[in-house]
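The chain contents come next:
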Amino acid sequence: MSDHTPESPRPEPAPRTPEAAEAEPIPAEAPASGEAGPAGTPAEPAASSRPENATGAVSGGTARGPATAPQPPHHAQQPEVPAVPQPRDTGPQPPKVPAYAQHPRPPQPNPWGHPRPKPSELSKLRPVKPGAVPGATLWAVLATGLLSALLLGEGIGLNLLVVAVPAALAAYFAARAAARRLRPWTAVWAIGGLALLVVPALRDAGWPSFLALVSAFALGSLALHGSRSWLGMFLGSLGLLTSVAESLGWGARGVRDRMAGSRGRWGVVFRSTVVAVVLLIVFGALFASADAAFADVLGSLMPDVSIGDSPWRFFLGLLGLVGALAAAYTAAAPVRWDGLTVRPGKARGRLEWALPLVVLNLLFAAFLAIQLTVLLGGYDKVMAETDLSYSQYAREGFWQLLWATLLTLLVIALALRWAPRGGARDRTLVRAVLGTLCLLTLVVVASALRRMDLYVDAYGLTRLRISVAAVELWLGVVLVLIMAAGAFGAKMLPRAVAASAAVGVLAFGLISPDGLIAEQNVARYDRHHSIDIEYLRGLSADAVPALDTLPEPLRSCALEKIQRSLRSSDEPWYATSWGEARARDILGDWDPGYRTGECSGLGSGDNGSERGDGDDPYDPYDPY
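Calculation notes
Residues numbered from 1 in each chain as written. Predicted model: local features only at pLDDT ≥ 70, side-chain atom pairs only at ≥ 80, totals over all residues. Heavy atoms only, no water. Salt bridge = Lys/Arg side-chain N within 4 Å of Asp/Glu carboxyl O. Helix = DSSP H or I, 4+ residues; strand = E, 2+ residues; numbered from the N terminus. Core = buried A, V, L, I, M, F, W, Y, C linked by side-chain atoms within 4.5 Å. Buried < 20%, exposed > 50% of the residue type's maximum accessible area, 1.4 Å probe, protein only. Contact = heavy atoms within 4.5 Å. Polar contact = N/O pair within 3.5 Å; in protein donor to acceptor, adjacent residues only side chain to side chain. Axes fitted to C-alpha atoms, helices over the stretch in contact; angles between N-to-C directions. Parallel < 35°, antiparallel > 145°, perpendicular 65-115°, else oblique. Left-handed = near helix turned anticlockwise from the far one by under 90°. Nonpolar A, V, L, I, M, F, W, Y, C, P; charged D, E, K, R; others polar. Phe/Tyr/Trp six-rings, centres within 6.5 Å; stacked < 30°, edge-to-face > 60°. Expected span 1.5 Å × (residues − 1). Patch = residues over 30% accessible without salt bridge, like charges linked within 9 Å, V, L, I, M, F, W, Y side chains within 5 Å. Areas by Shrake-Rupley, 256 points an atom, 1.4 Å probe, with all protein chains shown as cover. Lys, Arg positive; Asp, Glu negative; His and termini not counted. Charge placed at Lys NZ, Arg CZ, Asp CG, Glu CD.

Taken as a whole and assessed by the stated rule, the structure comprises 14 salt bridges. Two residues, Glu 560 and Arg 564, come together in a salt bridge whose shortest N-O distance is 2.3 Å. Of this pair, Glu 560 and Arg 564 both sit in helix 22 (residues 554-568), 4 residues apart, which is roughly one turn of that helix. Among the charged side chains, a network of salt bridges with common partners joins Glu 534, Arg 537, Glu 560 and Arg 564.

This is the structure we're talking about:
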């Protein structure tokens with residue numbers, strides 16, 4: 001064995017990569033002894049040729065430069081670790097992320113902020129937002145607002161149709177810009193809505209005009225939405241109201257964009273309009289003062305605008321502008337109300353479903369068998385058994401039959417919800433049972449109308465009686481449509497029922513209910529029956545042609561209140577109905593005068609002494 005410990009091998013230095021060598025600074029070569037340094041001073045000898053002591057002094061002489069830090073002994077030095085290369089021209093590095101923060105955490109809700117609103121059901125049903133509002137739509141909306149402020153302040157008549165035309169044009173331009181196509185049912189609803197606005201222009205009575213206005217609004221909303229289901233038809237007729245808030249922002253953005261992009265053009269239009277208005281006012285006033293006939297014509301054509309009714313006209317103008325803008329917004333982005341569906345009910349078994357309806361059909365059949373006997377002339381026997389008068393029997397039965405018709409329609413709707421849906425046999429059963437029920441209900445409708453005819457013959461025609469008779473007749477039309485849907489399919493049934501209602505309202509306004517009431521009561525009087533002058537005095541100017549044929553003093557008593565109303569009103573031509581204009585032509589400047597003093601005790605009756613026939617007292621059931 002060797003007496004000395006073998007020397008441990010030194011670790012080999014790590015090989016230097018070219019990048020490390022490039023990044024490492026190159027040491028300057030030590031100058032030789034006696035050579036000057038870079039600064040012109042004598043260079044120190046190399047460190048390897050001058051060993052240092054522990055205190056840092058150079059052996060063999062004194063130090064000629066500043067003292068240097070003591071260097072550790074050679075055996076205590078650690079092997080050098082090669083420097084890690086750093087990329088050149090690097091900026092400040094971001095701080096290191098701790099390990100616990102490296103995993104993403106879900107965002108925490110801000111307790112001080114507002115929660116993000118969830119999308120509403122209405123936004124889901126309106127999937128498309130409209131684009132920029134067309135310029136033609138803005139002009140049509142502005143025209144609607146101006147016409148509403150100028151023409152609607154004195155009343156309603158032809159002015160409603162005049163205001164509705166630019167509103168319809170605004171919706172048309174917006175729909176065309178949104179690439180919507182004109183479908184047949186859309187045209188039907190639009191034309192029907194405009195046709196209903198003819199009723200206020202023709203009739204002076206307010207109640208059929210009100211029905212026409214409500215129906216025209218419903219048809220216009222249906223034309224914009226295009227619904228076809230039962231729920232869609234109901235909500236679509238009122239859905240125009242849901243577009244009011246969003247349409248205001250849509251219109252404001254359109255005006256702002258056009259004002260920002262074409263300030264010069266809008267300024268030209270504004271200046272031209274102001275100049276035209278000033279010229280019309282100045283020269284119109286001059287010509288009116290020069291010719292009295294021209295002044296009368298100009299006064300009848302121009303609206304009478306005063307400062308006192310400015311707030312009311314401003315409200316009407318704002319109402320027309322907002323309504324036209326809402327119609328245009330709906331035409332560009334309609335709400336798809338058909339997206340709201342009602343799930344069908346659970347199908348019942350044949351016995352469970354059909355047995356109650358078969359029993360109901362048998363009850364209807366038994367009732368109608370007796371009704372046919374009465375309709376064929378068996379009144380004397382029925383009166384004797386019931387101890388009722390002729391008119392009392394007719395009056396008491398009509399209202400019950402009206403409710404029976406309404407309840408039958410409800411039974412049909414519920415039966416269709418729970419009808420068996422197994423196959424062809426179930427469909428045949430449903431058609432047979434419900435078809436029989438509809439047919440029997442039609443006979444009930446005929447019986448109710450016959451009772452109303454007897455009722456009117458006994459007591460005369462009034463507004464309430466003609467209204468409920470019209471409703472009963474429309475219910476019969478609905479039953480016919482249900483039977484047709486059972487035979488040919490129910491796809492068109494909701495729209496067909498809505499169209500029948502609109503046609504009924506239009507026909508009801510065109511026949512002039514007040515005029516028909518006056519004609520029927522005057523005809524009864526000519527057949528030696530009584531007449532209720534006090535009731536006829538409350539009718540509108542539509543009743544003047546019939547009441548003008550009464551003998552005196554009944555004529556003066558019936559027309560006195562209507563004539564005073566006509567003479568006190570000064571409505572312009574666009575707010576005057578055709579019925580009112582016709583009444584003015586008939587009565588002229590007639591003044592009842594002293595004849596109205598004879599109306600104090602003239603209620604009704606052939607001699608004006610009592611109301612109603614001798615055996616039939618006045619009917620208090622009718623509040624009209």
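Before going further, it helps to spend a moment on the nonpolar core. Of all hydrophobic cores here, the largest spans 55 residues; its most connected members are Leu 547 and Leu 550. Looking at this core, the element that brings in the most residues is helix 16 (residues 424-459), giving 11 residues. If we ignore the near neighbours within four places in the chain, the residues touching Leu 547 are Ala 518, Val 522, Leu 536, Arg 555, Ala 558, Leu 559 and Ile 562. Among the nonpolar cores identified, the runner-up in size contains 13 residues, and Ala 140, Val 141, Ala 328 and Ala 332 belong to it.

Here we take up the side chain of Ser 540. Summarising the element assignment, Ser 540 is placed in the loop between helix 20 (533-536) and helix 21 (544-547). You can call Ser 540 buried: its relative accessible area is 10%. Side-chain polar atoms of Ser 540 contact the side chain of Asp 514, separated by 2.7 Å. Aside from chain neighbours lying at most four places away, what touches Ser 540 is Asp 204, Ala 205, Arg 463, Asp 514 and Ile 562.

Below, the discussion takes up the packing of helix 7 (residues 206-225) against helix 18 (residues 493-510). The geometry of helix 7 relative to helix 18 is characterised by a closest axis approach of 9 Å and an angle of 150° between their N-to-C directions. The orientation of helix 7 with respect to helix 18, classified from their angle, is roughly antiparallel. You can see that helix 7 and helix 18 cross each other, and the crossing is left-handed. In this structure, helix 7 contributes Trp 207, Pro 208, Leu 211, Ala 212, Ser 215 and Leu 219 to the contact, and helix 18 contributes Ala 502, Val 505, Phe 508 and Gly 509. Broken down by class, the residue content of the contact of helix 7 with helix 18 amounts to 8 nonpolar, 2 polar and no charged.

This brings us to the packing of aromatic side chains. In this description, a pair of aromatic rings is defined by centroid distance and the angle of the planes. On inspection of all chains with the given rule, the structure shows 7 aromatic pairs. Consider the rings of Tyr 172 and Phe 173, whose centres lie 5.7 Å apart with planes at 55°: the pair is tilted. With a relative accessible area of 47%, Tyr 172 lands in the partly exposed category. A relative accessible area of 22% places Phe 173 in the partly exposed class. Ring geometry for Tyr 455 against Tyr 459: centres 5.6 Å apart, planes inclined by 90°, an arrangement best described as edge-to-face.

Okay, helix 17 (residues 463-488) next. End to end, helix 17 covers 37 Å across 26 residues, agreeing with the expected 38 Å (1.5 Å per residue, within 8%). Residues Arg 463, Arg 465, Ile 466, Val 468, Ala 469, Glu 472, Leu 475, Gly 476, Val 478, Leu 479, Ile 482 and Ala 485 constitute the buried set of helix 17. Directly after helix 17, the chain includes Gly 489, whose backbone phi takes a positive value near 115°.

Right, let's talk about a nonpolar patch on the surface for a bit. A surface patch of nonpolar side chains, about 750 Å² in accessible area, is lined by Val 275, Val 278, Leu 279, Ile 281, Val 282, Phe 283, Leu 286 and Phe 287. With respect to the secondary-structure elements, Phe 283 resides in helix 10 (residues 263-290). Since its relative accessible area comes to 42%, Phe 283 is described here as partly exposed.

Taken together, the side chains of Arg 181, Arg 183, Arg 228, Arg 336 and Lys 491 define a basic patch exposed on the protein surface. Note on placement: Arg 336 falls in the loop between helix 12 (310-332) and helix 13 (350-375).

Attention now goes to unusual backbone geometry. In this structure, the amide linkage connecting Glu 552 to the following residue, Pro 553, adopts the cis form with an omega of 5°. Even without a glycine there, the phi angle at Ala 179 is positive, about 65°. For Ala 179, the location among the structural elements is in the loop between helix 4 (158-177) and helix 5 (184-196). For Ala 179, a relative accessible area of 66% translates into the label exposed. At Ser 512, a residue that is not glycine, the phi angle is positive and equals roughly 60°. Along the chain, the position of Ser 512 falls in the loop between helix 18 and helix 19 (513-526). Judged by its relative accessible area of 6%, Ser 512 falls in the buried class.

The next point concerns the side chain of Ser 556. One can find Ser 556 in helix 22. Exposure remark for Ser 556: the relative accessible area of 0% places this residue in the buried category. A polar contact is formed between the side chain of Ser 556 and the side chain of Glu 552, at a distance of 2.6 Å.

What follows deals with the packing of helix 22 against helix 23 (residues 578-587). Between helix 22 and helix 23, the shortest axis-to-axis distance is 11 Å and the interhelical angle comes to 120°. On the basis of their axis angle, the class for helix 22 and helix 23 is oblique. Crossing handedness for the pair helix 22 and helix 23: left-handed. Contacts from Arg 555, Leu 559, Gln 563 and Leu 566 of helix 22 reach helix 23 at Glu 580, Ala 583, Arg 584 and Leu 587. Among the residues forming the contact of helix 22 with helix 23, the class breakdown is 4 nonpolar, 1 polar and 3 charged.

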